[in-house]
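Geometric and topological summary
So the chains spell out like this:
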Amino acid sequence: MNSKFKIVKKYVDEYDYYGLLRDGAPDDEFISESLRISDHISEDSTIEQIAATIADVFHLAFGNEEHPEYYLTVAQKIWSELHPTA
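Quick summary incoming for the structure in this document. For clarity, every value in this text was computed on a predicted model and none was experimentally measured.

Definitions and limits used
Residues numbered from 1 in each chain as written. Predicted model: local features only at pLDDT ≥ 70, side-chain atom pairs only at ≥ 80, totals over all residues. Heavy atoms only, no water. Axes fitted to C-alpha atoms, helices over the stretch in contact; angles between N-to-C directions. Helix = DSSP H or I, 4+ residues; strand = E, 2+ residues; numbered from the N terminus. Parallel < 35°, antiparallel > 145°, perpendicular 65-115°, else oblique. Left-handed = near helix turned anticlockwise from the far one by under 90°. Contact = heavy atoms within 4.5 Å. Buried < 20%, exposed > 50% of the residue type's maximum accessible area, 1.4 Å probe, protein only. Arc of directions from axis to C-beta.

Where helix α3 (residues 47-62) meets helix α4 (residues 72-82), the closest approach of the two axes is 8 Å, and the angle between their N-to-C directions is 120°. Overall, the two elements α3 and α4 adopt an arrangement that is oblique. Considering the relative orientation of α3 and α4, their crossing is right-handed. Each of Ile-47, Glu-48, Ile-50, Ala-51 and Ile-54 in α3 lies in contact with α4, whose residues at this interface are Leu-72, Val-74, Ala-75, Gln-76, Ile-78 and Trp-79.

Structure below.
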């Protein structure tokens, strides 16, 4: 697994949207979503683009209608770790 995926998975798990991990879901709960997110973002992606990608992936996976702004905090953390010298 590449480092971008590991970064995305770490923060998606940390935020545990919908409390699935907290409620006993297995540690691999967000692997497919994290893979999709990491496949669609790059180091050139802005925080807003990362948040929009997360929103799109979670909409497809869970049918939610959260606005991308809902994911800005996790997007910021992902962006920051992808740009350690920024």
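Turning our eyes to something else, we now look at helix α2 (residues 31-40). Taken together, the buried positions of α2 are Glu-33, Ser-34, Ile-37 and Ser-38. End-on, the buried residues of α2 take up no more than an arc of 130°, which puts them together on one face. Opposite the buried face of α2, by more than 90 degrees, sit the exposed residues Asp-39 and His-40.

Those residues of α4 that sit buried are Val-74, Ala-75, Ile-78 and Leu-82. For α4, the angular spread of buried residues about the axis comes to 100°, placing them on one side. Tucked inside the fold, the buried residues of α4 contact α1 (3-15) and α3.

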